[in-house]
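# Notes for the structure review
These are the residues of each chain, in order.
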Amino acid sequence: MSHVKRLVLIGNGMAGMRTIEHILKLSTEAYEITVFGEEPHPNYNRIMLSSVLAGGVELSDIVINDWDWYTENNIKLYTGDPVTSIDSVGKKVISASGIEVAYDILIMATGSNPFMLPLPGANKEGVIGFRNIKDCQIMMDTSKTYKKAAVIGGGLLGLEAARGLLNLGMDVNVIHIHKYLMDRQLDQSASLMLQHDLEQQGMKFLLEKHTASIVGRRRVQGLTFADGGEIEADLVIMAVGITPNVELAKRTGLKVNRGIVVNDYMETSIPGIYAVGECAEHRGIAYGLVAPLYEQGAVLAKRLAGTVTAGYAGSVTSTKLKVSGVDVFSAGYFNDKPGMRSLRFQDEIDGIYKKIVIQDNRLVGAVLFGDITDGAPLFSLIKSGESIEGREKELLLGFSTGKAGESLASKLGKMADDEIICGCNGVTKGTIAEAIGNGCSSVAEIKMCTKATGSCGGCKPQVEALLQLYAGDTIGEPVKEGICGCTSLGRDEIVESMKAMHLMSVKEVMNVLEWREPEGCSKCRPALNYYLGMLYPAEYKDEKESRFANERYHANIQKDGTYSVIPRIYGGVTSPAELKKIATVAEKYDVPLVKFTGGQRLDLFGVKKEDLPGIWEELDMPSGHGYGKALRTVKTCVGNTFCRFGTQDAIGMGIRLEKAFERINTPAKVKLAVSGCPRNCAEATVKDLGVVAIDGGWELYVGGNAGVKVRASEFLCVVKTEDEVVEWTSAYLQYYRENANWNERTANWIERVGLESIIKALENAEDRQALMGRIEETLSYSKDPWKDIINNDDLRKNFHTLSGVETVNS
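The rules behind each value
Residues numbered from 1 in each chain as written. Predicted model: local features only at pLDDT ≥ 70, side-chain atom pairs only at ≥ 80, totals over all residues. Heavy atoms only, no water. Phe/Tyr/Trp six-rings, centres within 6.5 Å; stacked < 30°, edge-to-face > 60°. Buried < 20%, exposed > 50% of the residue type's maximum accessible area, 1.4 Å probe, protein only. UniProt positions renumbered as here; feature names shortened; annotations may be inferred. Helix = DSSP H or I, 4+ residues; strand = E, 2+ residues; numbered from the N terminus. Axes fitted to C-alpha atoms, helices over the stretch in contact; angles between N-to-C directions. Parallel < 35°, antiparallel > 145°, perpendicular 65-115°, else oblique. Contact = heavy atoms within 4.5 Å. Nonpolar A, V, L, I, M, F, W, Y, C, P; charged D, E, K, R; others polar. Pairing = 2+ DSSP bridges. Arc of directions from axis to C-beta. Domains from an automatic or database assignment. pLDDT = per-residue confidence, 0-100. Left-handed = near helix turned anticlockwise from the far one by under 90°.

This part covers the packing of aromatic side chains. Overall, the coordinates contain 12 aromatic pairs when judged by the stated rule. Consider the rings of Trp-69 and Tyr-70, whose centres lie 5.2 Å apart with planes at 85°: the pair is edge-to-face. What makes Trp-69 buried here is its relative accessible area of 16%. With relative accessibility at 0%, the residue Tyr-70 sits in the buried group. Ring geometry for Tyr-530 and Tyr-531: centres 5.8 Å apart, planes at 65°, overall edge-to-face.

This paragraph deals with the UniProt feature "binding site: siroheme" (unreviewed entry) in the protein. Mapped onto this numbering, the UniProt entry gives "binding site: siroheme" (unreviewed entry) at Cys-681. Topologically, Cys-681 is positioned in the loop between strand E33 (670-675) and strand E34 (689-694). A relative accessible area of 59% places Cys-681 in the exposed class.

Moving on, we come to the packing of helix H22 (residues 722-739) against helix H23 (residues 746-753). One way to put it is that H22 packs onto H23 with a least axis distance of 12 Å and a crossing angle of 75°. Viewed along their axes, H22 and H23 adopt a mutual orientation that is roughly perpendicular. Seen from H22, the contacting residues are Tyr-732, Tyr-735, Tyr-736 and Asn-739; seen from H23, they are Thr-746, Trp-749, Ile-750 and Arg-752. A breakdown of the residues in the contact of H22 with H23 according to their chemical character gives five nonpolar, two polar and one charged.

What follows covers the side chain of Asn-173. The topology assignment puts Asn-173 in strand E11 (residues 171-176). When neighbours within four sequence positions are excluded, Asn-173 is seen to be in contact with Ala-149, Ala-150, Val-151, Lys-204, Leu-206 and Ile-231.

It is worth spelling out the sheet that holds strand E29 (residues 563-565) at this point. With antiparallel pairing, the four strands of this open sheet are ordered in space as E28-E29-E31-E30. Of all the strands in the sheet, just strand E28 (556-557) and strand E30 (593-596) have a single pairing partner and so form its edges. Where helix H19 (residues 576-588) meets the sheet, it contacts E30 and strand E31 (602-607), and its direction lies at approximately 10° from that of E31.

What follows is about H23. What sets the pattern is the α-helix's 3.6 residues per turn: residues three or four places apart point alike. For H23, the complete set of buried residues consists of Thr-746, Ala-747, Trp-749 and Ile-750. Axial view of H23: buried residues confined to an arc of 165°, hence all on one face. Looking at the buried positions of H23, the neighbouring elements they touch are strand E35 (697-702), strand E36 (714-719), H22 and helix H24 (755-762). Where H23 ends, the next residue or the one after it, Gly-754, has phi of about 85°, a positive value.

So, on to the domain arrangement of the protein. Segmentation of the protein into domains returns domain 1 (5-111 + 245-305), domain 2 (114-243), domain 3 (410-479), domain 4 (491-547) and domain 5 (629-792). Between the C-alpha centres of domain 2 and domain 3 the distance comes to 37 Å.

Per-residue confidence for the protein averages 88 on the pLDDT scale, and 94% of its residues sit at or above 70. Per-residue pLDDT stays below 50 along residues 475-479; that stretch engages in nine contacts with residues further than four places along the chain or on separate chains. Considering only residues more than four positions removed or in separate chains, one finds that residues 802-810, a stretch of pLDDT under 50, has 17 contacts.

Reading across the sheet, the five strands line up as E21-E22-E25-E24-E23 and stay open at both edges, with antiparallel pairing between neighbours. Unpaired on one side and paired on the other, strand E21 (318-320) and strand E23 (341-347) mark the two borders of the sheet. Direction aside, neighbouring strands of the sheet carry axes that sit 10° apart on average. Relative to strand E25 (residues 362-369), strand E22 (residues 328-332) runs antiparallel, the two being bridged by five bridges. Residue pairing for E25: Val-328 is matched across the bridge by Phe-369. Contacting E22, E23, strand E24 (352-359) and E25, helix H6 (residues 188-200) crosses the sheet at an angle of about 20° to E25. Across the sheet, helix H9 (residues 375-384) touches E21, E22, E24 and E25, and the angle it forms with E25 is around 155°.

Here we come to the environment of Lys-209. As for its placement among the helices and strands, Lys-209 is situated in the loop between strand E12 (204-207) and strand E13 (211-216). Separated by 340 residues in the primary sequence, Lys-209 and Ala-549 have C-alpha atoms spaced 50 Å apart. If near-sequence neighbours (up to four positions away) are discounted, Lys-209 is found in contact with Ile-175, His-176, Ile-177, Phe-225 and Asp-227.

Mapped onto the secondary structure, Leu-363 falls in strand E25. Separated by 20 residues in the primary sequence, Leu-363 and Lys-383 place their C-alpha atoms 8.7 Å from one another. Setting aside residues up to four positions removed in sequence, Leu-363 forms contacts with Ile-356, Val-357, Leu-378, Leu-381, Ile-382 and Ile-388.

Phi is positive for Lys-91, which is not a glycine, with a value near 55°. Tracing the sequence through the fold places Lys-91 in the loop between strand E4 (83-87) and strand E5 (92-95). Residue Lys-91 is classed as partly exposed on the basis of its relative accessible area, which comes to 31%. One non-glycine residue with positive phi stands out, namely Glu-514, at about 55°.

Here H22 crosses H24 at 120°, and the two axes come no closer than 10 Å. The angle between H22 and H24 falls in the class oblique. Crossing of H22 over H24 shows right-handed handedness. Taking contact as the criterion, the partners of Trp-728, Ala-731, Tyr-732 and Tyr-735 in H22 are, on H24, Ser-757, Ile-758, Ala-761 and Leu-762. Tallied by class, residues from the contact of H22 with H24 come to seven nonpolar, one polar and no charged.

So this is what it looks like as structure tokens:
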């Protein structure tokens, strides 16, 4: 009888989880896998945090493996619960919450910590590193209140953090101890060009500055320097390097230098315990870039899957700066040393700089600024160590002597199949070509199949060029991206096909429209479920299995596996009787935290899943839909009911809107607000739809957002009566429901389609009435989900807990 070994991974980050992904591919049934993560999140792409900060993507967009992925792969995941001790004799780990898990194989992927300079005042509020989602969130929150930021460190991470803070509207000073930025990757010429471009973007630099102290009382107020200078700062980011997180390894008795010492097979000094990633030290080097960590993970996965592997031999690294509008690439040696020679090309007009470093006719380094399209082939030559004798000029200029303007596709066509295109994930040209040959016809599909473009995204132009190069020959059809990697069809094509062929289930859509992945994925299944419900409100039966866990359980799952419950409080107006009821329920079910939300409601945190139906029943209040893609809140001020400035009944208007549209499903969450006068105390102009009272009427604003990327709403119209407010709101919400992409907030939708197109769609009264009729019909079929479950024993069984089963986040 075969024995399934128990594998425990300490660290839910990129290196460890990439190892697990490889193991699952090589030997699906070999291990019973348990993962412990210190952060309360599923596995996410840490190197994309700078893009989140810069506003290019949402935090949800950088998740690599969502909660469902762990469940689908039978992985037991404990988040927000770090392992605090390892019994290497008894072979078990113990977490901070006291969970004990036995192992046969233990992988340590504890990552690294930001190095915090031991400056006086470094422990003040507002002084942070930049390593995780929490740091990112602090920076975004701080930018809403404070305006002056200082970034200590003019390296890669510091500049990316500074660019993000600029995007958040902060005034940013970068303090660097050296004379030139990115002095560990760039020579003087490239560094000066980089500094010039970043200064043009609004970044300010204090070079050759030694920070002496961080001043302020409880919170940081500024920095002083060794030369006597000082600046004001409300937020200080230390981006001066990282240190391997090895405390647990030291306590366990593993051999540790700077990192956990491993051999070529990632084995530590204790049998059965392995280490990968930033915490590991291989041949005296602890890597901090993602590509080496993935290479280590691939070797370890093969080792654990019983596949022959040559062992890890170390990595040559390259870096790219992820700052919008500034292209920088560096690999290998970038400064001349004895025995080396370098060739340079500089175009001051177009802002292009190229440098290659040669030793013994081999390429040993390259620096590119302004045009980094040759970065991948140059990096491949550095790694291969082949002779470049006679090709130096071609490599420097990017084209053969006597020829100019060679296209990227042409260059890629000449590359060898084993040359690396995606340096972050170690994906070769040959792997991408094979994926295209096997049917991948979009960048998204290639990303899904190979991971190329899945990290920093800097290789996307090369992948697109390869797609054009190979897809045209082998597939013979236009290449475009679908709603996900399962299909090449876009949203509009899918919805039109649903209508034309009267497709009535998610499975039917996938079959008829020839989905490449027969079961779909976590992106397309919820989208199809929404589109079908939008098209056929009377006929379509909602597929619960195509919704996320929050929407299946009608509550927000928290990091510890409990849920939060938000009853609906119309317009933010409650009563003593309602408050007593909430208090009684909170006491009876031992709810650890009751908190006011930003939407003027009460949120009960820490509720056990099995208690949800009982709490809903005893509250006897409607669901606030605080978990779903639906109308969340209608925030109101007191209006003319009490306020001396109020011109209209904001409370009454808000309650009427909330009662009219509660339970409506929308492409993404929707928030409304009603202010009783232009002073706008309800913050109506940063909502999906805001209503502002004026003398004799109401102004309507649309497309606002106060989230990660703040966007002021745009003026839609002025109406005179409350009935007209409801009519325009109905028409606007239904038009949004019928035309937006699933998971697209109104702010993004309006930026995509333009306000003018929306005004044109709504300006005719008959069109508005038709839209209003359709949303009213949809609402007529909606039910309160909490009451539905309370009154249905079969549905209620889903909340029962089986004895002997551990609760894990999923």
